[in-house]
Amino acid sequence: MDSSFFGLTSDTAPKYRVDLFRQIHEIVFYGNGGYSWADIYNMPRWLRLFTFKEIENHMKRQKEQYDNASSNGSSTVVGPDGKINPNNFPTPTKSSYK
């Protein structure tokens, strides 16, 4: 029987390990080359969690800005289904051929 007094047990250790590696991956991937895997792995836990939350907040703000811009009536040539919408291409004029 595992004692949970000292922290991790055989039941909780795999989940903690997966969470740790997911955080490391996301910080390295979304950190735009600013972090190496070893830097994040050896980083103090409190600093790694802070960095992870800051990147997460940044991504949420970017998504909100994107959603606000796309809901303001602006249109793109690529629809939400990922297909090109030819109706959103600007109509060429004679001056555009010069």
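Above this text you will find the structure in question.
Student: With reference to specific residues and values, describe the packing of helix H1 (residues 13–30) against helix H3 (residues 45–71).
Tutor: Contact geometry of H1 with H3 gives a least axis separation of 10 Å together with a crossing angle of 55 degrees. The angle between H1 and H3 falls in the class oblique. Both H1 and H3 take part in a crossing whose hand is left-handed. Across the interface between the two elements, Tyr 16, Leu 20, Gln 23, Ile 24, Glu 26, Ile 27 and Tyr 30 from H1 touch Arg 45, Arg 48, Leu 49, Thr 51, Phe 52, Ile 55 and Met 59 from H3. Here the residues of the contact of H1 with H3 sort into nine nonpolar, two polar and three charged.

Student: Could you give an account of the side chain of Thr 51, with specific residues and numbers?
Tutor: Within the fold, Thr 51 resides in helix H3. Residue class for Thr 51 comes out buried when judged on its relative accessible area of 8%. For Thr 51, the side chain forms a polar contact with the main-chain oxygen of Leu 47, separated by 2.8 Å.

Cut-off values and rules
- Residues numbered from 1 in each chain as written.
- Predicted model: local features only at pLDDT ≥ 70, side-chain atom pairs only at ≥ 80, totals over all residues.
- Heavy atoms only, no water.
- Axes fitted to C-alpha atoms, helices over the stretch in contact; angles between N-to-C directions.
- Helix = DSSP H or I, 4+ residues; strand = E, 2+ residues; numbered from the N terminus.
- Parallel < 35°, antiparallel > 145°, perpendicular 65-115°, else oblique.
- Left-handed = near helix turned anticlockwise from the far one by under 90°.
- Contact = heavy atoms within 4.5 Å.
- Nonpolar A, V, L, I, M, F, W, Y, C, P; charged D, E, K, R; others polar.
- Buried < 20%, exposed > 50% of the residue type's maximum accessible area, 1.4 Å probe, protein only.
- Polar contact = N/O pair within 3.5 Å; in protein donor to acceptor, adjacent residues only side chain to side chain.

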